[in-house]
Amino acid sequence: MKIALCIEYDGSDYSGWQKQNDVDSIQGEIEKALESIALEKIDTYASGRTDTGVHALIQIIHFETSIERPVTAWIRGVNAFLPSSIRVLWAQEVDDTFHARYSATQRHYEYLVYNASFPSALWANKAGWIHDDLDFNKMKKAIQYFEGEHDFSAFRSSECQAKSPVRTITRTSILNYHPFYLFKFSANGFLHHQIRNMMGAILYIGKGNYPSEYINELLISKDRKKSPPTFSPHGLYLCGVDYDPCYAFPFTHRTVNIFDNNHLSQDR
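The notes below deal with the structure included here. (Residues numbered from 1 in each chain as written. Predicted model: local features only at pLDDT ≥ 70, side-chain atom pairs only at ≥ 80, totals over all residues. Heavy atoms only, no water.)

**Things to note about the packing of helix H1 (residues 26–38) against helix H2 (residues 71–79)**
At step 1: Put simply, H1 and H2 touch, their axes get as near as 9 Å, and they point 120° apart. Between H1 and H2, the angle is such that the two are oblique. Our pair here, H1 against H2, has a crossing hand that is right-handed. Along its contact with H1, which presents Ala33, Leu34, Ile37 and Ala38, the element H2 presents Ala73, Trp74, Gly77 and Val78. (Axes fitted to C-alpha atoms, helices over the stretch in contact; angles between N-to-C directions. Helix = DSSP H or I, 4+ residues; strand = E, 2+ residues; numbered from the N terminus. Parallel < 35°, antiparallel > 145°, perpendicular 65-115°, else oblique. Left-handed = near helix turned anticlockwise from the far one by under 90°. Contact = heavy atoms within 4.5 Å.)

**Digging into the pairing of strand E5 (residues 106–115)**
At step 1: Across the ten residues of E5, ten count as buried, placing the element largely inside the fold.
At step 2: Neither face of E5 is open: one carries Gln106, His108, Glu110, Leu112 and Tyr114, the other Arg107, Tyr109, Tyr111, Val113 and Asn115, and all of them are buried.
At step 3: As judged from the six bridges shared by E5 and strand E10 (residues 236–242), these two strands associate in the antiparallel manner. Paired with Arg107 across the two strands is Val241, which belongs to E10.
At step 4: Two strands pair when backbone bridges link them, and E5 and strand E9 (residues 180–187) are joined in this way by eight bridges, in the antiparallel orientation. Bridge pairing links Arg107 to Ala187 in E9.
At step 5: Of the pairings in the sheet, the one linking E5 to strand E6 (residues 128–130) comprises three bridges and is parallel in character. Residue pairing across strands places Tyr114 opposite Trp129, the latter belonging to E6. (Buried < 20%, exposed > 50% of the residue type's maximum accessible area, 1.4 Å probe, protein only. Pairing = 2+ DSSP bridges.)

**Observations regarding H1**
At step 1: For H1, which comprises 13 residues, the first-to-last C-alpha distance of 18 Å matches the rise-based estimate of 18 Å (1.5 Å per residue) to within 8%.
At step 2: By the criterion of burial, H1 is predominantly enclosed, with ten of the 13 residues buried.
At step 3: Looking only at H1, the buried set comprises Ile26, Gln27, Gly28, Glu29, Ile30, Glu31, Ala33, Leu34, Ile37 and Ala38.
At step 4: Close packing links the buried residues of H1 with strand E1 (2–9), strand E2 (44–46), strand E3 (55–64), H2 and strand E4 (86–94).
At step 5: Sitting at the head of H1, Ser25 places a side-chain oxygen 3.0 Å from the backbone nitrogen of Gly28.
At step 6: At the C-terminal side of H1, Leu39 shows a positive phi close to 60°. (Expected span 1.5 Å × (residues − 1). Polar contact = N/O pair within 3.5 Å; in protein donor to acceptor, adjacent residues only side chain to side chain.)

**Details of the pairing of E3**
At step 1: Among the ten residues of E3, nine are classified as buried, and the element is accordingly described as predominantly covered.
At step 2: One ladder, built from two bridges, connects E3 with E10; its direction is parallel. If you follow Ala56 over to E10, its bridge partner there is Leu238.

**Points about the layout of surface pockets**
At step 1: In this structure, the largest pocket encloses a volume near 1300 Å³.
At step 2: Lining the largest pocket are 38 residues; nearest its centre among them are Gly48, Arg49, Arg101, Phe190 and His192.
At step 3: Among the residues forming the lining of the largest pocket, the class breakdown is 13 nonpolar, 17 polar and eight charged. (1 Å grid on protein atoms, 1.4 Å probe; cavity = no way out; pocket = protein on both sides within 12 Å on 5 of 7 lines; lining within 4 Å. Points joined across faces, edges and corners; volume = space filled by probe spheres on them. Nonpolar A, V, L, I, M, F, W, Y, C, P; charged D, E, K, R; others polar.)

**Re the nonpolar core**
At step 1: Counting residues in hydrophobic clusters, the biggest one holds 75 residues, and the most contacted among them are Leu5, Trp74, Phe183 and Met199.
At step 2: The biggest single contributor to this core is helix H4 (residues 194–206), with seven residues.
At step 3: Apart from residues lying up to four places away in sequence, Leu5 is in contact with Leu34, Gln59, Ile60, Ile61, Phe63, Trp74, Val88, Trp90 and Ala91.
At step 4: In this structure, Tyr114, Ala116, Cys239 and Ile258 belong to the second largest nonpolar core, which totals twelve residues. (Core = buried A, V, L, I, M, F, W, Y, C linked by side-chain atoms within 4.5 Å.)

Encoded structure:
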């Protein structure tokens, strides 16, 4: 059997999605919980690897098992073995053609910024913080330069292992809920640290260091050394993954909701 799971997690205390030796990871916790139900070795595959401190409202994964269990076992049963910072939202059997990463057609991220004189105790690990006054209109103009197909070498981590730096960003937006800003990005894929590097440049423009057109200059330069520093991971959320409707998943999108005490959205 091949099973797809939708999970959410608070990435504050983890080294990221990918399992590593001697550090806590989301993948490691998920596989331990699954093995407690399946009673066999389980390998998981995710729609994308989130970095240290990055959160997910929607992360789609899959695994294969020779053990038959009711769907509830892969939800409530697995959740019983997971720490409170990780939860399975739904489970569904899929056919052999499905792959959580390679079947995905779009990925959606949101970045939440808390803009105030002092950092927030309640939002310390849930939002990036900046104290400088930000110009909404300059940031709104700047973020639009990212849309379309580009070589994102200027926004790519030196540790990125992707074969090509070319990605297509299909949608960007920015919303202001004083003192919060919510940035949204949709693309066919993202490079290592790409969004955090993009956020660093957008916020430098917002606080007046550069004009909005500087984004275009960086894209043309293809030079990471010319870009502003990488911004904090704490406000970054994986919020959705698109798949062919034939899979008929219950839901694959959510959004950050600053008016919810749990910082999470209703399913949509």
